[in-house]
Amino acid sequence: MTTTDATTRNPAVNGDGYVTIEDISFAYAAGAPRILADVSLSLSRGEFFVLLGPSGCGKTTILNQVAGFEFPTEGRMTVAGRPVTGPGPDRAVIFQGDDSLLGWLDVYGNVEFGLRVLGVKNPERQQRVRAALEMVELGGQAKKYPHELSGGMKQRVQIARALVTDAPILLMDEPFGALDAQTRTTLQDELARIWADTDRTVLFITHDISEAMILGDRIGIMTSGPEAKLYDVIENPLPRPRERGGPDFGALYQDLERTVTAAKARRADLDGEVGTR
Amino acid sequence: MTPASATDFGERPGAAPTGDADPTRTAGPRPRRRGPRSAASWSRRRIGLNLLAVVAAIVVWHVAALAKDNPLVFPTPIDSARALVELLQDADSRSELLITLWRVVVGFALGSTLGIATASLLGSSRVAADALEPVVHFLRSITPVAWIVPATIWFGVGDASMRFIVIYATVFPVILNTLTGMAQAARNKTRMARVFGAGRFRTYRSVVIPSAVPYVLTGMRLSLGYSFMSVIGAEMVAGSDGIGYLIYESRLFYDTPTMFAGILLVGAAGLAFDRVFVLVTARIFRRFYCGQVAR
């Protein structure tokens, strides 16, 4: 099962195995075209891993499988040594868009929700919600409702909601994709700070190269779908805290850009083979 | 790490890139602050337009009645208004109205409850939904009036039959709208709940049902109108009191103005109940509308 895929330059099984993804493939139905083909990946505890790839390449599918919302058609997946059988409080999810927020609860209520479900009692619950809101700098907005918040503030609420339950793993699905550029960079920097302050393993999905560089310890680059594969995994050499611009940043950006382009081209090269699978 | 810094980087509160609907809300962080077109001036404008439409309708009615020139067939608004005043001055007639309104209230309350309960069952169980949904669509296609005669055979002439009819009229719009509302609950919301370990029941109670509230209320509002429609028919056939019976009885004396007065009364009561229902529920359930305006 551990055959190195021909399209993967670097087999990328170099994490410590805290989260493992082994040769997973995914199709919506038997015989339907595969969205993902033989993807393998291993995440180390405490690392910030970014999956970078064009839209429609199945990045979100991988995240949904780690989250336990969907299951691979082939292959297996473990978290802390145990197979993934469904969603769980050890893997908090920060969703794309804002429709996971409960519009009838205020900011406080939204952040509190997970603790309530998990049965955490006051005053501990209150204290943890307050701390999480402070962490994302929403301490003064606790009584506001989601529809009264900007897009950036809504994503802060989602981050607070994911942090408050102390889940060791954060799964983030293009959380800043819908934000304007300024808000996006602000939240990237804050997420980097929050990640440094807490001890979380992050799987972060994006199609934005500079976002991947600012956040990731390692960056996994996917080919285009269908039959998307993990093309390469790059160690991010930039020291933290990271700054945009500067010669190192520029050089890495170019390198990544080239790799992303090559990954897409690899897809085009393969088109002939796909039909004869 | 100051709480205020969340707004320091071009993140204007309310300037949501997702384009949330209500433009009055983008004025500032405080939702109650209104722009120059305040709620008061809007509603004054609306009331003005409403009155204009009513006056126009009365004028058209009056001209039509004058053209017909036979008050026994088609009374003028003035004749009808006179009959209406007489009706309202008469204690017996007033109690007829109260009887009808009580039937609406009781039937509507029971029917809505039954509708929400049924929809919750159908929405929570794939098996129940597959089995019963065609039955719901079959039954809802049958006008409640068709059941009046069978109802009198089962429950006798009187309140039980009429209650059955009003419940029948109420239950289906509530079921269908509640089901739609539950199906609309965003998948990311239910997934979010499952991440925290919420089971089916908890997800249902904390996510699916609250998401459905505006839909349930829309269904109930439709049903309230259907309650008024059906109660009149039921009283005509299966009753011995109420406004429906009064309208029906006026036929015996060829008292067309009273007939019209009864009809006007039903319409006015229906309108009043609708307004009160919307105002009260929009206030009580305001947060479930998530910034949208219920009207």
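Residues numbered from 1 in each chain as written. Chains lettered and ligands numbered in written order. Predicted model: local features only at pLDDT ≥ 70, side-chain atom pairs only at ≥ 80, totals over all residues.

Counting its secondary structure elements, chain A contains 7 helices and 10 strands. Relative to the 2.2 N^0.38 estimate, which gives 19 Å for 277 residues, the radius of gyration of chain A is 19 Å and therefore close to what a compact globule would have. Seen along its three principal axes, the alpha-carbon backbone of chain A occupies a region of about 60 × 45 × 35 Å. Residues classed as buried in chain A amount to 52% of the 277 residues present. Pairs at least 24 residues apart make up 72% of the contacts formed inside chain A by residues separated by at least 6 positions. (Helix = DSSP H or I, 4+ residues; strand = E, 2+ residues; numbered from the N terminus. Rg over C-alpha atoms; globule rule 2.2 N^0.38 Å. Buried ≥ 20, exposed ≤ 12 C-beta atoms within 10 Å, placed from the backbone. Contact = placed C-beta atoms within 7 Å.)

Residues and elements named next belong to chain A. Across the sheet, 4 strands lie side by side as β2-β1-β4-β5; this open sheet has antiparallel pairing. Each having just a single partner strand, β2 (36-43) and β5 (82-83) make up the two edges of the open sheet. Set on the sheet, helix α1 (residues 59-67) makes contact with β1 (19-26), β2 and β4 (74-79); between it and β1 the angle comes to about 125°. (Pairing = 2+ DSSP bridges. Axes fitted to C-alpha atoms, helices over the stretch in contact; angles between N-to-C directions.)

Before going further, it helps to examine the environment of B:G244. Residue and element names in this part refer to chain B. On the secondary structure map, G244 appears in helix α9 (residues 243-250). With 26 C-beta atoms packed within 10 Å, G244 lands in the buried category. In contact with G244, not counting residues within four places along its chain, are T100, V231, I232, G233, A234, E235, M236 and G239.

Now for the packing of helix α2 (residues 107-117) of chain A against helix α3 (residues 124-135) of chain A. Residues and elements named next belong to chain A. Close contact between α2 and α3 brings their axes to 10 Å; oriented N to C, the two are set at 125°. When the axes of α2 and α3 are compared, the pair comes out oblique. Two packed elements cross with a definite hand, and for α2 against α3 that hand is right-handed. For the pair formed by α2 and α3, the contact residues are Y108, V111, E112 and L115 on the first element and R125, R128, V129, A132 and L133 on the second. Taken together, the residues of the contact of α2 with α3 sort by class into 6 nonpolar, no polar and 3 charged. (Parallel < 35°, antiparallel > 145°, perpendicular 65-115°, else oblique. Left-handed = near helix turned anticlockwise from the far one by under 90°. Nonpolar A, V, L, I, M, F, W, Y, C, P; charged D, E, K, R; others polar.)

Quick look at helix α5 (residues 148-155) of chain B now. Residue and element names in this part refer to chain B. Of the residues making up α5, those classed as buried are I148, A151 and T152. Relative to the axis of α5, the buried residues are bounded by an arc of 100° and lie together on one face. Counted as exposed and oriented over 90 degrees from the buried face of α5: V149, P150, I153 and W154. G156 sits one or two residues past α5 and shows a positive phi near 85°. (Arc of directions from axis to C-beta.)

Membership of the largest hydrophobic core comes to 137 residues, with the highest contact counts inside it found for A:A160, A:L171 and B:I165. When near neighbours in sequence (up to four residues on either side) are disregarded, A:L171 contacts A:L63, A:V66, A:A67, A:R91, A:A92, A:V93 and A:L203. (Core = buried A, V, L, I, M, F, W, Y, C linked by C-beta atoms within 7 Å.)

With that settled, consider the pairing of strand β9 (residues 218-222) of chain A. Residues and elements named next belong to chain A. Most of β9 sits inside the fold, with 5 of its 5 residues counted as buried. The alternating pattern of β9 places R218, G220 and M222 on one face and I219 and I221 on the opposite face, and all of these are buried. Here strand β3 (residues 48-52) runs beside β9; their pairing, made up of 4 bridges, is parallel. Looking across to β9, one finds that L51 is bridged to G220. Both β9 and strand β10 (residues 230-235) contribute to a ladder of 5 bridges, which runs antiparallel. When the bridges of β10 are listed, I219 appears paired with I234.

Another point: the sheet that holds strand β8 (residues 201-206) of chain A. All names here are of chain A. Within the open sheet, the 6 strands sit side by side as β6-β7-β8-β3-β9-β10. Their pairing is mixed. Sheet topology places β6 (91-94) and β10 at the edges, where each strand pairs with a single neighbour. When strand polarity is set aside, the average angle formed by the axes of neighbouring strands in this sheet is 15°. Sheet analysis places β3 next to β8, joined by 5 bridges and oriented parallel.

What follows deals with the packing of helix α2 (residues 77-89) of chain B against helix α10 (residues 256-284) of chain B. All names here are of chain B. With their axes 8 Å apart at the nearest point, α2 and α10 run at an angle of 75° to one another. Here α10 runs roughly perpendicular to α2, going by the angle between their axes. Across the interface between the two elements, D79, S80, R82, A83, L84 and L87 of α2 pack against P257, T258, F260, A261, L264 and L265 of α10. Of the residues assigned to the contact of α2 with α10, the class counts are 8 nonpolar, 2 polar and 2 charged.

Glancing now at the pairing of β2(A). Taken residue by residue, a regular strand's side chains alternate between the two faces of the sheet. Residues and elements named next belong to chain A. In terms of burial, β2 is a largely internal element, 7 of the 8 residues being buried. Direction of pairing for β1 relative to β2: antiparallel, over a ladder of 5 bridges. By the bridge assignment, I21 is partnered in β2 with L41.

This next bit is on the confidence of the model for chain B. For residues with low pLDDT, the predicted coordinates do not support detailed interpretation. All names here are of chain B. On average, residues of chain B carry a pLDDT of 85, and 85% of them reach 70 or more. Segment residues 1-36 is flagged for pLDDT under 50; beyond a separation of four residues in sequence, or across chains, it makes 65 contacts in the model. The ipTM value of the predicted complex is 0.88, and its pTM value is 0.80. (pLDDT = per-residue confidence, 0-100.)

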